[in-house]
Amino acid sequence: ILELKRRSLKKGLIVITDTFRSALTLSEERRIPVECQMRMQDVWPGFVTCVVPAAATLSPLLTGERKTVAVRVTAFETLRELVALVGKPIVSTSANLSGETPTASLEEVQAAWGGKVDYVLPLPCQGLKGASAIYDAISGQVLRQGGSL
């Protein structure tokens, strides 16, 4: 994914899960105050990505040069089912080269990536116009404004 998107190894990737409990397995749970965990539960499942202290066992491909990981419990039911079927969290990414505007339709995705990926799921992308919002789960700071429905 990093190579295909031409994304820097320093940036890390967003990881999606199907449950709050699964999301916590990616983190140093003890370093996330209870009130912060409650705030995360309020926005999940949803279109919000939270940056949390990363579990020491996570690959640097997921964390980049940080000691944190970006995680989301997806609201997209098909994707939740896929994560449950796989049995562990999976990487989520927009369908664009790093730094470029994300593709906005299935046709654009197929034109850009059809010969480069094994499969393109022929479903609309959650109905969200733009990227998910990203928050620091501890401070509550907005790291990226999210798209609208």
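Provided above is the structure to which this section pertains.
Computed from a predicted model, the values in this text were never measured in an experiment.

Participant: How do you make sense of the overall build of the protein when you look at a structure like this?
Facilitator: If you tally the helices and strands in the protein, you get six helices and six strands. When its helices and strands are written in sequence order, the protein yields α-β-α-α-β-α-β-α-β-α-β-β. Whereas a compact globule of 149 residues would reach a radius of gyration of roughly 15 Å, the protein reaches 15 Å, a difference of no more than 12%. The C-alpha extent of the protein, read off along each of the three principal axes, is 45 × 30 × 30 Å. In the protein, buried positions account for 37% of the 149 residues.

Participant: What is the right way to read the nonpolar core from this model?
Facilitator: What tends to happen in soluble globular proteins is that the nonpolar side chains get buried as a cluster. In terms of nonpolar packing, the biggest core is built from 20 residues, with Met40, Trp44, Cys50, Val52, Leu58 and Val69 touching the most fellow members. Contributing elements (two or more residues each) for this core: α2 (20-24), α3 (34-43), β2 (48-53) and β3 (68-73). Excluding anything up to four places from it in sequence, methionine 40 contacts Phe20, Leu24, Ile32, Cys50, Val52 and Ala137. Ranked by size, the runner-up nonpolar core spans nine residues in total, among them Val51, Ala70, Phe76 and Ile134.

Participant: Looking at this structure, how should I read the sheet that holds strand β5 (residues 133-136)?
Facilitator: The pairing of strands in a sheet happens through backbone hydrogen bonds and is either parallel or antiparallel. In spatial order, the strands read β4-β1-β3-β2-β5-β6; together these six strands make up an open sheet with mixed pairing. Lying at the two open borders of the sheet, with one neighbouring strand each, are β4 (90-92) and β6 (142-144). Across the sheet, the axes of successive neighbouring strands diverge by a mean angle of 40°, strand direction being ignored. Sheet contacts for helix α5 (residues 77-86): β1 (14-17) and β4; angle to β4, the most-contacted strand, approximately 150°.

Rules of the game
Residues numbered from 1 in each chain as written. Predicted model: local features only at pLDDT ≥ 70, side-chain atom pairs only at ≥ 80, totals over all residues. Heavy atoms only, no water. Helix = DSSP H or I, 4+ residues; strand = E, 2+ residues; numbered from the N terminus. Rg over C-alpha atoms; globule rule 2.2 N^0.38 Å. Buried < 20%, exposed > 50% of the residue type's maximum accessible area, 1.4 Å probe, protein only. Core = buried A, V, L, I, M, F, W, Y, C linked by side-chain atoms within 4.5 Å. Contact = heavy atoms within 4.5 Å. Pairing = 2+ DSSP bridges. Axes fitted to C-alpha atoms, helices over the stretch in contact; angles between N-to-C directions.

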